Structures are given as C-alpha cells and as structure tokens.
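# Structural overview for review
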Amino acid sequence: LFDGIYPFYPQQRKVFVFDVSTIIVIVVFLTFTCSFLLIIPGIRGRARIYWTLRVLLSLIMGVVIVVVQFTGDWETGWVKANTSYKSFSRALVNVDIGLHVGLAGVNVTLRGNPVNQVNETIDYNEHFAWSFNADYDQSYSEGLERGLPSPILYVAEKFTTQSPCSMHRQYRISSHYASATLWVAFCTWLISNILFSMPVLVYGGYMLLVTGAFMIFSLLSFSTVKNSLMCPIQFGTTILRTGYGGSFWLMLVIGLLCFVAGITVVALHYFNLDLLKTFFDLHEDKAEEYQEMTEVYVNPHFVNKGL
C-alpha cells in the first residue's frame, strides 16, 4: 500500500470489440475467400458470376455467426460524468464511462477528458468474463487488488453474483443460451452448404431457413434481459443507459438474409426449377449425364447371328 491506497500497475488491455479470437476467425475465413478467388478464373461463362455470389454470400453468413461469439458490443452504453477517480481521494475527474456487454462478459471503459488528469493517464478498458470456464467474482477481486479506478469497480460490481441487482444471473444465462443457439446455427449453416453441393437444393433452402431461425432465437434469448428490472448505473445526476450494439444488429441483418435466401431457394424449386438449376450450375452436369452417342459401331457377325 502507498499511503493507504493500492498503487496502479501497468497491465494489458483487452479491446472491447476485437480480440485475438475474433482476428483468428476473420483470418481463417479470409483464407477460404482468397483460395476461392484463385480458382474463379477456371470457371467458364456466366457460371463464374453465380459461383462468386453463392460462395461469398455463404462465407459472409458463416463468418458473422462465428465472429459475434467473441465480440463485446452486443449491448453498449456511454455516459460523460464528473466523478471521483479513486478511493480515499476527493479529487474529481471528467471522464467518459462506457459499458460493453458481450456473450462472454463485459468490458468497462474509462477515458479522461482530457486523458491526462490528476497526474494520471486515464485510459482504461477492463474485461470481466462470465463464461463457463471463468469466474466473474474472481476477476472483480483481482481488479480490487490492482487498484482499478472507482468508476470501473462501481460498474463491474453491478454484475457480481453478490450484487442485489441480480444482473449477473440475467445476463450470464441469456448470453449462454444465445451462444449455444449460435453454435447450432453454425452447424446448420455447414449442413446447408453440404446440401447445396448435391442435387438436393430444396433441402439446402430448408436448412438456410433453420439457420436463420436459430440466429433469431439467439437474439430473442439475449434480449430477454431487457424485460427484467435493471439497477440504474448512476454517476451523480447522470445515468449510464445501454442499447443494442453493432453485433446485435449485424446478427439481425444476417438472420433476415438467411430467411430471404432460404425462401427464395424453396420458391424457385416449386415455381421455376430451371432457373434454380441454372444458378447452381446443374444443367451442364445433366447434359453430360444424358449426352447421346453420335456414332454407334455394330459388329455384323453378332447382328447376323441374332437374326
């Protein structure tokens, strides 16, 4: 202790939108995309355009389903306030306080206006995890031992298991169900791609509808926390209010896109099958399969013997 106050030690920061897992997923899908672009010139005619649309659209769906598992902006909120910087001190600082909720935990951001105040660099971003293999209360206790600024500890304390707000249980359960349904959506997305590679296009369309349904279920699961009473996060006279973030709305758009694509495939199967086969480049395969022989050679000896 330094004059009865925990000293501030430099530590690694965790970015609230992108982390290492997100970057790895994006790199993997970019590798698949670049590999496909290399073979595009080998596809002849109009089928090249159809292949490009199908593959890029499918990769976008897949990468979004996986990436949002690791993002931290499903729910976000910012507030500007004059508040105390640390315990046992009357010094007030002008800061921007941000709360970013993801499926794996919360990030609390503290940024000074200006950054350098009270002989400190006020620029913090702390992550508190609540996934199955993480202990949120332990992360909060470590933050206390490191001597994190009071605004960060105040916001993080709202999500502890001992808090009377019960926000930890609400957010943790809804996030776990949302994550589970997204992994199921990823599995159905894989199955739909397998079915589209075979001459059973209508079943691929059905699986796209199932994929979109599970994506919407994940959004409904996460949004259930809005139906429960929430403890206000208040700094003086200002209240930190949160709303749905970029990952939530991106998932909604991709889910609706899956519905539109699935309905289009099913509708074309029943009303215009030729157009659907043309888009999936199946006419050439059928033509080769049923190609008629132009010349036939017959042995005269066997013809005469048969007569």
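Residues numbered from 1 in each chain as written. Predicted model: local features only at pLDDT ≥ 70, side-chain atom pairs only at ≥ 80, totals over all residues. Heavy atoms only, no water.

### Here we look at the overall build of the chain
Check the secondary structure of the chain and you find ten helices and seven strands. Burial statistics for the chain: of 307 residues in total, 42% are counted as buried. A fraction of 68% describes how many contacts in the chain between residues 6 or more apart in sequence connect residues 24 or more apart. (Helix = DSSP H or I, 4+ residues; strand = E, 2+ residues; numbered from the N terminus. Buried < 20%, exposed > 50% of the residue type's maximum accessible area, 1.4 Å probe, protein only. Contact = heavy atoms within 4.5 Å.)

### Here's the deal with the pairing of strand β2 (residues 92-101)
Look at any regular strand and the pattern is simple: side chains alternate between the two faces of the sheet. Most of β2 is tucked away, with eight of its ten residues classed as buried. For strand β1 (residues 75-84) and β2, the ladder comprises ten bridges, and the chain directions are antiparallel. In the strand pairing of β2, S84 is matched with L92. Pairing of β2 with strand β3 (residues 105-117) involves seven bridges; the strand directions are antiparallel. From the neighbouring strand, V95 faces β3, where its bridge partner is G112. In textbook terms, the turn of a hairpin is the stretch between consecutive antiparallel strands, and for β2 and β3 this stretch comprises three residues. (Pairing = 2+ DSSP bridges.)

### Regarding the sheet that holds β3
Hydrogen bonds along the backbone pair up the strands of a sheet, which may run parallel or antiparallel. Spatially, the five strands line up as an open sheet ordered β4-β3-β2-β1-β7, and their pairing is antiparallel. In the strand order of this sheet, the two ends are held by β4 (120-129) and β7 (243-244), each with one partner.

### Description of helix α4 (residues 150-157)
Most of α4 is tucked away: six of the eight residues are buried. Among the structural elements, β1, β2, β3, β4, α3 (136-146) and β5 (233-235) are those in contact with the buried residues of α4.

### Some thoughts on the pattern of salt bridges
Considering all chains together, one arrives at one salt bridge under this definition. R146 serves as the salt-bridge partner of E126, at 2.7 Å between the closest nitrogen and oxygen. Taken as a pair, E126 in strand β4 and R146 in helix α3 lie far apart in primary sequence, 20 residues in all. Among the residues examined, E126 registers a relative accessible area of 4% and is labelled buried. (Salt bridge = Lys/Arg side-chain N within 4 Å of Asp/Glu carboxyl O.)

### Here's the deal with the packing of aromatic side chains
Per the stated rule, a full pass over the model turns up 19 aromatic pairs. Considering the side-chain rings of F29 and W189, the 6.4 Å spacing of their centres and the 50° angle between planes classify their relative orientation as tilted. Taken as a pair, F29 in helix α1 (residues 20-39) and W189 in helix α5 (residues 167-196) lie far apart in primary sequence, 160 residues in all. Summarising the burial analysis for this pair, F29 and W189 share the class buried. An aromatic cluster of at least three residues, connected via ring pairs, comprises W74, F222, Y244, F248 and W249. When the ring centre of W51 is taken as origin, the NZ or CZ atom of R54, which lies over that ring, is 4.4 Å away. In this structure, R54 is placed above the aromatic ring of F279, and the distance from its NZ or CZ to the ring centre is 5.9 Å. (Phe/Tyr/Trp six-rings, centres within 6.5 Å; stacked < 30°, edge-to-face > 60°. Lys NZ or Arg CZ within 6 Å of the ring centre and 35° of its normal.)

### Description of unusual backbone geometry
The linkage connecting N113 with the following residue, P114, adopts the cis geometry, with an omega of 5°. Take P114: it is sitting in strand β3. Even without glycine at this site, V118 takes up a positive phi of about 45°. Within the secondary structure, V118 sits in the loop between β3 and β4. With phi around 60°, N119 is a residue other than glycine that occupies positive phi space. Among the secondary structure elements, N119 is positioned in the loop between β3 and β4.

### Here we look at the environment of V101
When you line up the elements, V101 lands in strand β2. Distance from V101 to F128, taken between C-alpha atoms, is 9.8 Å for residues 27 residues apart in sequence. Setting aside chain neighbours within four positions, we find V101 in contact with G72, D73, W74, E75, V106, W130, Y171 and F222.

### Structural notes on the UniProt feature "transmembrane region" (unreviewed entry) in the chain
Sites flagged by UniProt as "transmembrane region" (unreviewed entry) map to residues 20-39, 51-71, 91-110, 177-196, 202-225 and 246-271. Between the C-alpha atoms that bound residues 51-71 the distance is 30 Å, and the span itself is 81% helix and 0% strand. With 100% helix and 0% strand, the stretch residues 177-196 has end C-alpha atoms that lie 29 Å from each other. (UniProt positions renumbered as here; feature names shortened; annotations may be inferred.)

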